[in-house]
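Here is how the chains run, residue by residue.
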Amino acid sequence: MAPASHRVDRPQPLPAHLVELRRTLLGPLVLFGSVMAATFSLSDDILQAMLDYHGLAGSVSIYTPTEFLRVRLSLATLAGCLSALPLLLLQSYRFAHSGLTDRERAFARRTIPFSLALFAGGTVLGWTVFLPRLLPLLVGGPAEAQFSLAQTVGLLLSLSLGTGIALQLPLLAFIARRTGVWDGGLAHGRRLAWGLLLALALLVTPDPATIGLLLTTALLVLLFETGAWLARGAHG
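**Q** Tell me what's going on with the overall build of the chain, and back it up with residues and numbers.
**A** Broken down by element type, the chain carries seven helices and two strands. Taken from N to C terminus, the helices and strands of the chain fall in the order α-β-α-α-β-α-α-α-α. For the chain, the proportion of its 236 residues judged to be buried stands at 31%. Sequence-distant contacts, at least 24 apart, represent 80% of the contacts inside the chain between residues at least 6 apart. Surface summary for the chain: the accessible area is close to 14600 Å², and the carbon and sulfur share equals 69%.

**Q** Let's hear about the layout of surface pockets: which residues, and what values?
**A** One number sums up the size of the second largest pocket: a volume of about 340 Å³. Lining the second largest pocket are 18 residues; nearest its centre among them are Leu78, Leu82, Phe119, Thr123 and Leu161. Here the residues of the lining of the second largest pocket sort into 15 nonpolar, three polar and no charged.

**Q** Explain the packing of aromatic side chains to me, and be specific about the residues and the numbers.
**A** Summed over all chains, the structure comprises one aromatic pair. Taking NZ or CZ as reference, arginine 72 lies 4.2 Å from the ring centre of phenylalanine 40, over its face.

**Q** Report on the environment of glutamate 67, specifying residues and quantitative values.
**A** Mapped onto the fold, glutamate 67 is located in helix α2 (residues 67–96). Remark: the alpha-carbon pair of glutamate 67 and leucine 149, spanning 82 residues in sequence, is separated by 7.6 Å.

**Q** Any details on the confidence of the model for the chain? Residues and values, ideally.
**A** Predicted coordinates in regions of low pLDDT should not be interpreted in detail. Across the chain, the average pLDDT comes to 77, with 63% of residues at or above 70. Per-residue pLDDT stays below 50 along residues 1–8; that stretch engages in four contacts with residues further than four places along the chain or on separate chains.

**Q** Please provide a residue-by-residue account of the nonpolar core, values included.
**A** Met50 and Leu156 are the most contacted members of the largest nonpolar core, which has 15 residues in total. Within the residue set of this core, elements represented by two or more residues are α1 (14–53), α2, α3 (102–138) and α4 (149–166). Among the elements that make up this core, the one with the highest residue count is α4 (five residues). For methionine 50, the contacting residues outside a window of four places in its chain are Leu75, Trp127, Val153, Leu156 and Leu157.

**Q** Help me get a handle on a nonpolar patch on the surface, residues and values and all.
**A** A cluster of nonpolar side chains, contributed by Leu18, Leu21, Leu25, Leu29, Leu85 and Leu88, occupies part of the molecular surface with about 480 Å² of accessible area. Secondary-structure elements contributing two or more residues to the nonpolar patch are α1 and α2. In terms of residue count, α1 provides more of the nonpolar patch than any other element does, four residues in total. Locating leucine 29 in the fold gives a position in helix α1.

**Q** So what's going on with the pattern of salt bridges? Which residues, and what values?
**A** Per the stated rule, a full pass over the model turns up one salt bridge. One salt bridge connects arginine 105 with aspartate 102, and the closest N-O pair in it is separated by 3.4 Å. Of the two residues, arginine 105 and aspartate 102 both sit in helix α3, three residues apart, roughly one turn of that helix. Judged by its relative accessible area of 9%, arginine 105 falls in the buried class. In this structure aspartate 102 comes out as partly exposed when scored by relative accessible area, which is 43%.

**Q** Quick one: what's the story with the side chain of glutamine 168, residue by residue and with numbers?
**A** Along the chain, glutamine 168 turns up in the loop between α4 and α5 (169–179). Here glutamine 168 falls in the buried class, since its relative accessible area comes to 13%. Engagement of the side chain of glutamine 168 in a polar contact is seen with the side chain of serine 115, the distance being 2.4 Å. Not counting residues within four places of it along the chain, the set of residues in contact with glutamine 168 comprises Ser115, Leu118 and Phe119.

**Q** Lay out α4 with the relevant residues and their values.
**A** In this model α4 runs 25 Å from its N-terminal to its C-terminal C-alpha over 18 residues, within 8% of the 26 Å that 1.5 Å per residue would give. Looking at α4, one finds that the buried residues are Leu149, Thr152, Val153, Leu155, Leu156, Leu159, Ser160, Leu161, Gly162, Thr163, Gly164 and Ala166. Capping of α4 at its N-terminal end is provided by serine 148; its side-chain oxygen lies 3.3 Å from the backbone amide nitrogen of alanine 150.

Reading the values: rules and limits
Residue positions are counted from 1 within each chain, in the order its sequence is given. This being a predicted model, a pLDDT of at least 70 is required before a residue's local features are given, and a value of 80 or more before pairs of side-chain atoms are given or counted; all residues contribute to the totals for chains, interfaces and linings. Water and hydrogen atoms were dropped before computing side-chain values, which therefore reflect all heavy atoms in the structure. Helix and strand definitions follow DSSP, with helices as H or I runs of at least four residues and strands as E runs of at least two, each counted in order from the N terminus. Exposed residues in this analysis have more than 50% of their type's maximum accessible area, buried residues have under 20%, and partly exposed residues fall in between, with area computed by a 1.4 Å probe over protein chains only. Contacts were defined at the residue level, with two residues in contact if any of their heavy atoms lie within 4.5 Å. Note on areas: Shrake-Rupley with a 1.4 Å probe; residue coverage comes only from the protein chains shown. In this analysis, the protein atoms alone were mapped onto a 1 Å grid. Cavities are point sets where a 1.4 Å probe fits without being able to get out; pockets are open sets with protein on both sides within 12 Å along at least five of seven lines; lining residues have an atom within 4 Å of a point. Grid points are joined across faces, edges and corners, and a volume is the space filled by probe spheres set on the points. Each residue is assigned to one of three groups, with Ala, Val, Leu, Ile, Met, Phe, Trp, Tyr, Cys and Pro labelled nonpolar, Asp, Glu, Lys and Arg labelled charged, and all others, Gly among them, labelled polar. For Phe, Tyr and Trp, where Trp contributes only its six-membered ring, two rings pair if their centres lie within 6.5 Å, and the inter-plane angle classes them as stacked under 30 degrees, edge-to-face over 60, or tilted in between. Working rule: Lys NZ or Arg CZ, within 6 Å of ring centre, within 35 degrees of ring normal, means a charge sits over the ring. How sure the predictor is of each residue is captured by pLDDT, a score from 0 to 100. Buried Ala, Val, Leu, Ile, Met, Phe, Trp, Tyr and Cys residues that are joined via side-chain atoms within 4.5 Å together make up what is termed a nonpolar core. Candidates for patches are residues over 30% relative accessible area with no salt bridge; among them, like charges are joined within 9 Å and nonpolar side chains (Val, Leu, Ile, Met, Phe, Trp, Tyr) within 5 Å. Counted as salt bridges are all cases of a side-chain nitrogen of Lys or Arg within 4 Å of a carboxyl oxygen of Asp or Glu. Polar contact is defined as a pair of N or O atoms within 3.5 Å, subject to the rule that within protein one atom must be able to donate a hydrogen and the other to accept it, and that residues adjacent in sequence are counted only when both atoms are side-chain atoms. Multiply 1.5 Å by the residue count of a helix minus one, and that product is the helix's expected span.

See the structure below:
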């Protein structure tokens, strides 16, 4: 049997790399623009469906002349980014493919789809499971209470997407341990990681002044340490 052929990374001039990079980014940019335009045109119905799903349709108001437009643009931009992200990662892998070793290629082919699946699954989990249980605690009050449309939509998106981001932590800790970036000890690396987790908790916690910040940080640290423990077990 003939030996398997290996792709050789041949040096190319800078203009050739720039042309290849432009081709790499063209597809994600076109997809981003298309999804953004489509989402913006349907954003009124999408926002209504989001609020109806969580029973908030009668509890939001618009307090500034540009608030509704800002929310529509933000929603459309977010939809475009999330839609283009998988294609961008795929194109980036293809762009860097010739410069990677066989081990690095295999690692990327396993890690990227798993990471996207964790993010998508975590976002769905946050939207369908966590939000319906948290919203009564967060927005409970007088029946006539009204909330800002921008802040309400921001709350829904930050908690659901924050759950998807949080589920990346075990994978990131696993990768850091297996690649030797972090040894898992109580050294500067762990203190830095916990500080970043606190910053993430500040972003996704609706009211950082409450005990919710501590609970969110504790959950993120638990997820991070779980990934480190799995990596330690696999390495051992």
